[in-house]
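The chain contents come next:
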Amino acid sequence: MKPDGVRRGLVGEVIARVETKGYSIDALRMLNADRALLERHYAEHIGKPFYEPLVEFMMSGPIVAIIASGNRVIEGFRSLAGVTDPTVAAPGTIRGDLARDQGTQVVQNIVHGSDSPESAAREIEIFFPK
Ligand code: DAT
Ligand code: MG
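In this text the structure is predicted, and so the values were computed from the model without any measurement.

Some remarks on the pattern of salt bridges
Here is step 1 of the chain: Scanning all chains against the criterion turns up 6 salt bridges.
Here is step 2 of the chain: R35 is paired through a salt bridge with E52; the nearest N and O atoms lie 3.1 Å apart. Taken together, the positions of R35 in helix 3 (residues 35–41) and E52 in helix 4 (residues 51–58) put the pair 17 residues apart, joining distant regions of the chain.
Here is step 3 of the chain: The structure contains a network of salt bridges with shared partners spanning E13, R17 and D97.

Some thoughts on helix 4
Here is step 1 of the chain: Where burial is concerned, most of helix 4 is hidden: 6 out of the 8 residues are buried.
Here is step 2 of the chain: Considering only its buried residues, helix 4 is in contact with helix 1 (3–7), helix 3 and strand 2 (63–69).

Focus: unusual backbone geometry
Here is step 1 of the chain: One non-glycine residue, R72, lies in the positive phi region at around 60°.
Here is step 2 of the chain: Structurally, R72 can be placed in the loop between strand 2 and helix 5 (73–81).
Here is step 3 of the chain: By relative accessible area, which is 61% here, R72 ends up exposed.
Here is step 4 of the chain: The residue I110 is not glycine, and still its phi comes out positive at about 70°.
Here is step 5 of the chain: For I110, a relative accessible area of 0% gives the class buried.

Section: the layout of surface pockets
Here is step 1 of the chain: Computed from the structure, the largest pocket encloses a volume of approximately 590 Å³.
Here is step 2 of the chain: Lining the largest pocket are 25 residues, and of these I66, I67, H112, G113 and S114 sit closest to its centre.
Here is step 3 of the chain: When contributions to the lining of the largest pocket are tallied by element, the ones reaching two or more residues are helix 2 (11–21), strand 2, helix 5 and helix 7 (117–127).
Here is step 4 of the chain: Among the elements that make up the lining of the largest pocket, the one with the highest residue count is strand 2 (6 residues).
Here is step 5 of the chain: For the second largest pocket, the calculated volume is near 410 Å³.

Observations regarding the side chain of D4
Here is step 1 of the chain: Structurally, the position occupied by D4 is in helix 1.
Here is step 2 of the chain: Here D4 is buried and forms no salt bridge, its nearest opposite-charge partner R8 lying at an N-O distance of 5.5 Å.
Here is step 3 of the chain: Within polar-contact distance, the side chain of D4 engages the backbone nitrogen of N109 at 3.4 Å.
Here is step 4 of the chain: Only 3.0 Å separates the side chain of D4 from the backbone nitrogen of I110, close enough to count as a polar contact.
Here is step 5 of the chain: Ignoring anything within four residues of it in the chain, the contact list for D4 reads F57, Q108, N109 and I110.

Conventions and cut-offs
Residues numbered from 1 in each chain as written. Chains lettered and ligands numbered in written order. Predicted model: local features only at pLDDT ≥ 70, side-chain atom pairs only at ≥ 80, totals over all residues. Heavy atoms only, no water. Salt bridge = Lys/Arg side-chain N within 4 Å of Asp/Glu carboxyl O. Helix = DSSP H or I, 4+ residues; strand = E, 2+ residues; numbered from the N terminus. Buried < 20%, exposed > 50% of the residue type's maximum accessible area, 1.4 Å probe, protein only. Contact = heavy atoms within 4.5 Å. 1 Å grid on protein atoms, 1.4 Å probe; cavity = no way out; pocket = protein on both sides within 12 Å on 5 of 7 lines; lining within 4 Å. Points joined across faces, edges and corners; volume = space filled by probe spheres on them. Lys, Arg positive; Asp, Glu negative; His and termini not counted. Polar contact = N/O pair within 3.5 Å; in protein donor to acceptor, adjacent residues only side chain to side chain.

If you want it as structure tokens, here you go:
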């Protein structure tokens, strides 16, 4: 969960959607991400025009890192989340129901979701270091 979701009191709502879908919540951690952590997390976006606003936004308040599990959970969570742009994310999705364009340089869209088993493993290591 990104800072906008936490600020708006939507942590419970998002977790409920994940649990209601049938996935398990295996770990939860609230934290304030720093630049070094976000540089690792968003390495693929370094150099893009929205990278710096994205990092600033992600440092603007606490976030909640969650490990969820279940068959095809990566695909299933991305479906629950909806597409990146909340204006066009389908109603019924987290982004479609709970977010909108705020006129900011970076899209504020409540949640991040890993996009492959490899990125999930990498991101779990970043947010839940051994
Ligand atoms: P997603 O979060 O749907 O996986 P992404 O990995 O392409 O999307 O981008 C990461 C975040 O960066 C995204 O949630 C919001 C922001 N973002 C992506 N593309 C953007 C754009 N064209 N303009 C502004 N912000 C953008
Ligand atoms: Mg992504």
